[in-house]
Amino acid sequence: MADKLGNYDRFERDRWRDLFDAEAVPLTEADLDQIRSLNDRISLADVKEIYMPLVHYILLKYHEFQLANNARSDFLKVPRRHVPFLIGIAGSVAVGKSTTARLLALMLKHLYAQLKVQQITTDGFLYPNNVLEEKGIIDDKGFPDSYDMPRLIQFLNDVKQSRPNVKAPRYSHQVYDVIPDEYDEIDQPDILIVEGINVLQLPSQAEIFVSDFFDFSIYVDAEPKLIEHWFLERFSILLDSAFNDKTNYYHELATGSREDAFLYARQVWDAVDLRNLNEYILPTRNRANVILHKRQHHAIDAVYLRQY
Ligand SMILES: Nc1ncnc2c1ncn2[C@@H]1O[C@H](COP(=O)(O)OP(=O)(O)OP(=O)(O)O)[C@@H](O)[C@H]1O
Ligand SMILES: CC(C)(CO)[C@@H](O)C(=O)NCCC(=O)O
């Protein structure tokens, strides 16, 4: 685990919590209710004890980033300009990246209403299923070659240039494909949170890496056995919602035997997502500025902060 890495400070939960006085933060019961409505299983203790200090630390980094940008412009004798601060959230399929991203976005918006915070996932930059079929890699969805990396890099570049209404394609887990002509528009945010299994990866052929665009990065970590459990839990929720919906990718599985469906899901986990975790995702962990380590029920038991 990361405590074997020399360049991280490891904080047990209690030590991390004590780094910031949560009482001093204007997080009202109504804010907490809204956070709870995001996912009613999110622990409010985690919000107060883990995410409050984390948000505070991110804000410190954000201010440092602005000072550095202004200093650079002043040195070059060019007008100061708005540069979005990009946060990357990496980790396995089903470890809880998008939930973490939504939680951070919500907390930043509540606590710092003047900041424009937006969020996307890199899932939309997967090649559509028909292209993956043509390339013969439909069974490698999520692996480095399954993403249109030049398109993702162009997107990140446009956002960093603070261009208006930059389009991010949308992916649907229900349809199991990219949705044609549907986009999220990223419009000159102060902070953009980008969540995806590939945000810290270095594809071998590239001259510029996705990770170069991030000003701050988080890796969400847990034992693979636990992640498999969360993957199957989420699969079960997907099956329930697919039962009455013929357009849902899982409809046929949902109407057949539950046992067969879970057998299939376990195979997908082993053959695709676990393999992807071991081969391509875990090796990126030691690039993150922060590693959030989860144990059962998604509770965070330790936070690792990179020293350099
Ligand atoms: N903090 C949390 N507390 C409780 N449940 C959570 C938490 N975070 C995530 N979950 C649950 O774990 C499952 C996986 O979470 P999520 O969809 O956020 O993962 P992900 O890493 O974004 O996955 P993918 O890469 O496949 O999009 C979901 O069922 C989600 O509701
Ligand atoms: C869309 C990704 C790649 C990442 O979120 C993942 O959720 C996925 O679909 N992986 C392919 C194997 C599977 O169905 O889980």
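Residues numbered from 1 in each chain as written. Chains lettered and ligands numbered in written order. Predicted model: local features only at pLDDT ≥ 70, side-chain atom pairs only at ≥ 80, totals over all residues.

**Looking at the overall build of the protein chain**
Heads up, the condition is: By the criteria applied, helices consist of DSSP H or I runs no shorter than four residues and strands consist of E runs no shorter than two, each listed in order from the N terminus. Every C-beta atom is placed from the backbone, and the number of other C-beta atoms within 10 Å of a residue's own sets its class: buried at 20 or more, exposed at 12 or fewer, partly exposed in between. Throughout, a residue-residue contact means that the two C-beta atoms, derived from backbone geometry, are no farther apart than 7 Å.
Secondary structure assignment for the protein chain yields 9 helices and 9 strands. Structurally, the protein chain occupies a C-alpha span of about 60 × 40 × 40 Å along its principal axes. In the protein chain, which comprises 308 residues, the proportion classed as buried is 35%. Taking as baseline every contact in the protein chain between residues at least 6 positions apart, the subset at least 24 positions apart corresponds to 71%.

**Side note on the pairing of strand E4 (residues 166-172)**
Remark: a regular strand shows side chains that alternate across the two faces of the sheet. Heads up, the rule is: Between any two strands, at least two bridges found by DSSP are needed for them to pair.
In this structure, E4 lies alongside strand E5 (residues 177-186), joined through 7 bridges in antiparallel fashion. In the strand pairing of E5, tyrosine 171 is matched with valine 178.

**Some words on the UniProt feature "binding site: ATP" (unreviewed entry) in the protein chain**
Operational definition: UniProt positions are given in the numbering used here, feature names are shortened, and annotations may be inferred rather than shown by experiment.
Per the UniProt entry, the sites bearing "binding site: ATP" (unreviewed entry) are Gly91, Ser92, Val93, Ala94, Val95, Gly96, Lys97 and Ser98 in this numbering. Aside from chain neighbours lying at most four places away, what touches serine 92 is Ile197, Ile227, Asp273, Leu277 and Ile281. Along the chain, glycine 96 turns up in the loop between strand E2 (85-91) and helix H4 (97-111). A tally of 23 C-beta atoms within 10 Å means that glycine 96 is categorised as buried. Aside from chain neighbours lying at most four places away, what touches glycine 96 is Val220 and His298.

**Focus: the sheet that holds strand E7 (residues 216-221)**
Stated formally: Angular values range over 0 to 180 degrees, each being the angle between N-to-C directions of two axes fitted as lines to C-alpha atoms, with helices fitted over their stretch in contact.
Taken in spatial order, the 7 strands line up as E1-E9-E8-E7-E2-E6-E3 in an open sheet, and their pairing is mixed. The sheet is open, and its two edges are formed by strand E1 (8-12) and strand E3 (117-121), each paired on a single side. The average undirected angle you get between the axes of adjacent strands in this sheet is 20 degrees. By the bridge criterion, 5 bridges tie E3 to strand E6 (residues 191-195) in an arrangement that is parallel. Directly across from isoleucine 120, in E6, lies its bridge partner valine 194.

**Structural notes on the site of ligand 2**
We apply this condition: Using a C-beta atom placed from the backbone, a residue is scored as near a molecule or strand whenever that atom is within 6 Å of it. When residues are grouped by polarity, Ala, Val, Leu, Ile, Met, Phe, Trp, Tyr, Cys and Pro land in nonpolar, Asp, Glu, Lys and Arg in charged, and all others, Gly among them, in polar.
Taken together, Val93, Asp123, Lys141, Gly142, Ile197, Val268, Val272 and Asp273 make up all the residues around ligand 2. The residue makeup of the shell around ligand 2, split by class, is 4 nonpolar, 1 polar and 3 charged.

**Considerations on the site of ligand 1**
The environment of ligand 1 is made up of 16 residues, and the closest members are Gly96, Lys97, Ser98, Thr99 and His298. Those elements that provide at least two residues to the shell around ligand 1 are H4 and helix H7 (224-242).

**Notes on the packing of H7 against helix H9 (residues 258-281)**
Heads up, the rule is: Angles below 35 degrees are treated as roughly parallel, those above 145 as roughly antiparallel, those between 65 and 115 as roughly perpendicular, and all remaining angles as oblique. In a left-handed crossing the near helix is turned counterclockwise from the far helix by less than a right angle, and in a right-handed crossing that turn is clockwise.
In the contact formed by H7 and H9, the axes pass within 10 Å of each other and the chain directions differ by 135 degrees. Taken together, the axes of H7 and H9 lie oblique to each other. H7 and H9 meet at a crossing whose hand is right-handed. For the pair H7 and H9, the contacting residues are Pro224, Glu228, Phe231, Leu232, Phe235 and Leu239 in the first and Ala261, Phe262, Ala265, Trp269, Asp273, Leu274 and Leu277 in the second. Classifying every residue of the contact of H7 with H9 gives 11 nonpolar, no polar and 2 charged.

**Brief notes about H4**
Condition: One fewer than the residue count of a helix, multiplied by 1.5 Å, yields its expected span.
Between its first and last C-alpha atoms H4 spans 21 Å; for 15 residues at 1.5 Å apiece the expected length is 21 Å, and the two agree. If you check which residues of H4 are buried, you get Lys97, Ser98, Thr100, Ala101, Leu103, Leu104, Ala105, Met107 and Leu108. Its buried side turned inward, H4 meets helix H2 (29-38), helix H3 (44-76), E2, E3, E6 and E7.

**What to know about the packing of H2 against H4**
Their axes nearest at 10 Å, the elements H2 and H4 cross at an angle of 160 degrees. It follows from the interaxial angle that H2 and H4 lie roughly antiparallel. Handedness of the H2/H4 crossing: right-handed. Between H2, through Asp31, Gln34, Ile35 and Leu38, and H4, the contact on the second element is made entirely by Arg102, Leu103, Leu106 and His110. Classifying every residue of the contact of H2 with H4 gives 4 nonpolar, 2 polar and 2 charged.

**Brief notes about the environment of lysine 246**
Relative to the helices and strands, lysine 246 resides in the loop between H7 and helix H8 (251-255). Taking the C-alpha atoms as reference points, lysine 246 and aspartate 190, separated by 56 residues in sequence, lie 40 Å from one another.

**Section: the confidence of the model for the protein chain**
In low-pLDDT regions, the fine details of the predicted coordinates are not to be read closely. How we decide: As a per-residue measure, pLDDT reflects the predictor's confidence and takes values from 0 up to 100.
With 95% of its residues at a pLDDT of 70 or more, the protein chain has an overall mean of 92. This complex was scored by the predictor with a pTM of 0.95 and an ipTM of 0.97.

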